[in-house]
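What follows is each chain in one-letter form.
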Amino acid sequence: MADQIPLVDYLVLGDSPHLVANECTNCGARYFDRRNACASCSGLTFTKADIVTDGEVRAFTIVTPWVPGAAPYVPAVVDCGGTSVRANIVNTEPDAEHVTLGMKVRLTTFPIGTDTAGTEAINYGFEPAN
Amino acid sequence: MANDDIWILGINMTKFGKHPNEDVVDLASEATLAALADAGVTMADMGILAAGNLMGAAAGIGQQLQKQVGQTGIPVFNVANACATGATAIRTVIMAIKAGECDMGLAVGVEKLSGAGMLGAGMGPAASDEWTPSGRLGAVSGLEGKLGTDMMPGVFAQVGMEYGHKYGGTSFELFARISAKNHSNSTLNPLAAIQKDMTFEQIMAEPMIAYPNTRAMCSANSDGAAAAVLVSGEKLRTLSKEQQRRAVKVSASVLTSDPYEEGCQILPNVNTLTRNAARQAYELAGIGPEDLDLVELHDCFATAELVHYDNLMLCPEGGAVDFFESGAPFRTGSTPVNVSGGLESKGHPIAATGIANIWEICHHLRGEAGPRQIEGAKVGLAHVIGLGSACGVHILEKSGL
Ligand SMILES: [Zn+2]
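Computed from a prediction, not measured in an experiment: that's the story for all the values here.

A. Broad picture of the overall build of chain B. The number of helices and strands found in chain B is 13 helices and eleven strands. Expressed as lengths along the three principal axes of its C-alpha atoms, the size of chain B is roughly 65 × 50 × 40 Å. Looking at chain B as a whole, 61% of its 401 residues qualify as buried. Across chain B, 27 positive and 42 negative side-chain charges occur, with their mean positions spaced 5 Å apart.

See below:
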């Protein structure tokens with residue numbers, strides 16, 4: 001199998017792919033980016049917190065790309081056990097009949113390309129749970 | 001008029017739309033000279049200039065403007081605060097007057113945007129032969145379209161959808177009907193970039209940009225400028241009766257940023273900072289939402305207008321859909337919203353917007369709004385929000401003279 005690299009460093013690959021957040025040890029606020037301090041309490045220490053892989057669609061849109069012929073994509077905010085996650089909804093038709101508010105979804109991963117060294121980049125999205 | 005009251009002495013907005021033959025300095029100069037003439041004063045009377053041009057924030061629009069209309073040596077504050085840049089310029093001048101640094105000042109916002117396309121795309125790192133993590137997320141590629149969207153239409157679409165998820169009652173058609181209200185209002189505003197009445201069916205049939213916002217439900221990228229002359233109550237008393245009569249009282253001027261809440265770094269939360277600004281403004285002015293004769297709020301997208309009915313407390317919490325369905329925000333309703341046509345048709349030259357919405361309110365309070373005049377308007381509210389985020393709320397009152 002080719003080497004793999006996640007699209008973003010908070011995506012953990014392997015047998016059970018999942019997201020990992022930087023959690024403030026003082027107030028519990030969770031972030032996916034590199035932190036200087038906590039935006040909620042200004043705390044300076046963080047621990048890693050695994051994010052549950054199933055969730056519920058709290059908001060979505062369906063973007064028509066400017067590139068002619070490119071497929072619409074479905075940015076969404078997914079509530080994963082109380083932590084908001086940003087992703088696209090995938091593996092379903094990109095329309096308002098197939099994607100709905102409150103829809104139950106689960107994390108899935110997929111390759112988005114291979115570089116000259118043969119390394120495959122892996123992205124994540126959320127697909128309908130049912 | 002109390003000594004420490006702040007008043008708008010003169011204000012102007014240019015025609016919004018395409019200005020191919022004028023640069024940002026031309027547009028800023030046009031609005032400035034007209035605002036000074038409206039105020040009956042000159043650059044020599046100004047003690048401070050705050051100016052914004054978001055797309056050229058490094059160029060120093062304030063000093064460029066002075067080079068054309070009057071280099072009087074006064075302090076210049078070039079401000080940039082996303083779509084709240086114009087309101088920030090006004091807020092800056094007000095703070096200087098309140099601090100006693102001067103008794104009169106000028107705020108200017110200008111933008112050239114026509115043909116700019118969608119704003120806010122995060123293009124991410126440049127393509128490389130090998131995946132190389134970079135940035136705060138360690139991303140090996142640009143994320144737009146791969147992990148959600150940073151484009152404004154998609155961000156604000158989700159803002160409206162999130163409201164629908166929380167309270168119910170929203171639909172594609174509802175957002176289109178909100179947009180139709182504003183497009184209808186624009187037919188009475190000769191300074192609007194687009195003056196075209198559209199039915200909600202026509203709006204729904206427009207090209208989809210980011211569901212549920214079609215093209216007609218997105219603010220129109222346009223060129224334009226707006227400028228305001230502000231004065232202390234103490235100074236205003238020394239001016240003519242006519243200047244005092246046309247002056248508009250700034251009963252509240254508030255600027256907020258977004259406080260931390262869960263999820264606010266995933267999808268910008270445009271609600272809490274607006275609610276906070278509104279609450280502070282109502283308290284400062286001693287005025288409640290029920291007292292407002294008209295509201296200009298930041299309908300950068302039709303989805304945004306809905307949530308701000310609630311955020312500005314024009315309706316009970318969760319009641320924005322009912323508020324719209326009741327007819328309240330229509331011209332003929334109890335709280336007319338965006339009688340200018342709103343950003344969806346008037347246009348949204350970013351840094352000008354936060355002054356132009358105040359101009360619209362002043363126009364009505366002075367009884368000078370012509371065919372679109374809200375009869376007997378005595379108090380109005382202007383709201384603007386810039387993603388990032390910054391929110392400006394101004395409550396304005398007609399002169400008692
Ligand atoms: Zn914290």
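Don't stop here, the text continues.
B. Structural detail: the domain arrangement of chain B. Residue and element names in this part refer to chain B. What the domain assignment reports for chain B is domain 1 (6–116 + 222–251) and domain 2 (152–218 + 252–398). The C-alpha-based centres of domain 1 and domain 2 are spaced at 23 Å. For the pair domain 1 and domain 2, the summed buried area comes to about 3,200 Å², and 67% of that belongs to carbon and sulfur atoms. Here domain 1 is connected to domain 2 by two salt bridges. One salt bridge connects Arg 246 with Glu 368, and the closest N-O pair in it is separated by 2.8 Å. For the interface between domain 1 and domain 2, the tally reads 15 residue pairs in polar contact (both at pLDDT 80 or more).

C. Highlighting the sheet that holds strand 4 (residues 104–111) of chain B. Residues and elements named next belong to chain B. The nine strands lie next to each other as 3-2-4-7-1-8-11-10-9, forming an open sheet whose pairing is mixed. Both edges of this open sheet fall to strand 3 (76–78) and strand 9 (294–296), since each of them pairs with a single strand only. Strand-to-strand twist of the sheet, defined as the mean angle between neighbouring strand axes without regard to direction, takes the value 25°. Pairing geometry for strand 1 (residues 6–13) and strand 7 (residues 224–232), over seven bridges, is antiparallel. Paired with Asn 12 across the bridge in strand 7 is Ala 227. The strands touched by helix 9 (residues 272–285) within the sheet are strand 8 (248–257), strand 10 (379–386) and strand 11 (390–398), with strand 8 carrying the most contacts at an inclination of about 150°.

D. Quick look at the interface of chain B and chain A. Counting residues at the interface gives 37 residues for chain B and 51 residues for chain A. Summed over both partners, the interface of chain B with chain A comes to about 3,800 Å²; 58% of that surface belongs to carbon and sulfur atoms. Broken down residue by residue, the surface that chain B buries against chain A is led by Trp 131, Arg 136 and Leu 147 of chain B, which jointly contribute 21%. Taken together, chain B and chain A are joined by two salt bridges. For the interface between chain B and chain A, the tally reads 22 residue pairs in polar contact (both at pLDDT 80 or more). Those elements that place two or more of their residues in the side of chain B that touches chain A are helix 4 (152–167) and strand 5 (208–210) of chain B. The dominant element in the side of chain B that touches chain A, judged by the number of residues it contributes, is helix 4 of chain B, at seven residues. For the side of chain B that touches chain A, a count of residues per class yields 18 nonpolar, eleven polar and eight charged.

E. Here's a closer look at the coordination of the zinc ion. Residues and elements named next belong to chain A. Donor atoms from the polypeptide that bind the zinc ion are Cys 24 (SG), Cys 27 (SG), Cys 38 (SG) and Cys 41 (SG), placed at 2.3 to 2.4 Å. What the four donor atoms of the zinc ion show is an angle range of 99 to 115° at the metal, which sorts the shape as tetrahedral. Donor residues for the zinc ion sit on one chain with the sequence pattern C-x2-C-x10-C-x2-C. Cys 38 gets classed as buried once you look at its relative accessible area, which sits at 4%.

F. Structural detail: the pairing of strand 2 (residues 49–52) of chain B. All names here are of chain B. By the alternation rule, side chains of strand 2 split into Leu 49 and Ala 51 and Ala 50 and Gly 52, which are all buried. Regarding the hand of the β-α-β motif, the stretch spanning strand 2, helix 2 (residues 61–69) and strand 3 is right-handed. By the bridge criterion, four bridges tie strand 2 to strand 4 in an arrangement that is parallel. The partner of Ala 50 across the bridge, within strand 4, is Ala 107.

G. Looking closely at the packing of helix 3 (residues 85–98) of chain B against helix 13 (residues 350–365) of chain B. All names here are of chain B. Put simply, helix 3 and helix 13 touch, their axes get as near as 4 Å, and they point 65° apart. Comparing their axes, helix 13 and helix 3 come out roughly perpendicular. Contact residues: Thr 85, Gly 86, Ala 87 and Ile 90 in helix 3; Ala 351, Gly 354, Ile 355 and Ile 358 in helix 13. A per-class count over the contact of helix 3 with helix 13 returns five nonpolar, three polar and no charged.

H. Expanded view of the layout of surface pockets. In this structure, the second largest pocket encloses a volume near 820 Å³. Around the second largest pocket sit 43 residues that line it, and Arg 86 of chain A together with Leu 137, Asp 150, Gln 265 and Ile 266 of chain B are the ones nearest its centre. When the residues that make up the lining of the second largest pocket are grouped by side-chain class, the tally is 20 nonpolar, 14 polar and nine charged.

Rules used throughout
Residues numbered from 1 in each chain as written. Chains lettered and ligands numbered in written order. Predicted model: local features only at pLDDT ≥ 70, side-chain atom pairs only at ≥ 80, totals over all residues. Heavy atoms only, no water. Helix = DSSP H or I, 4+ residues; strand = E, 2+ residues; numbered from the N terminus. Buried < 20%, exposed > 50% of the residue type's maximum accessible area, 1.4 Å probe, protein only. Lys, Arg positive; Asp, Glu negative; His and termini not counted. Charge placed at Lys NZ, Arg CZ, Asp CG, Glu CD. Domains from an automatic or database assignment. Buried area = accessible area lost by both parts, 1.4 Å probe. Salt bridge = Lys/Arg side-chain N within 4 Å of Asp/Glu carboxyl O. Polar contact = N/O pair within 3.5 Å; in protein donor to acceptor, adjacent residues only side chain to side chain. Pairing = 2+ DSSP bridges. Axes fitted to C-alpha atoms, helices over the stretch in contact; angles between N-to-C directions. Contact = heavy atoms within 4.5 Å. Nonpolar A, V, L, I, M, F, W, Y, C, P; charged D, E, K, R; others polar. Donors = N, O, S within 2.8 Å, 3.2 Å for Na, K, Ca; no water. Tetrahedral: all angles 85-135°; square planar, octahedral: opposite > 155°, others 65-115°. Right-handed = clockwise from strand over helix to strand, strands pointing away. Parallel < 35°, antiparallel > 145°, perpendicular 65-115°, else oblique. 1 Å grid on protein atoms, 1.4 Å probe; cavity = no way out; pocket = protein on both sides within 12 Å on 5 of 7 lines; lining within 4 Å. Points joined across faces, edges and corners; volume = space filled by probe spheres on them.

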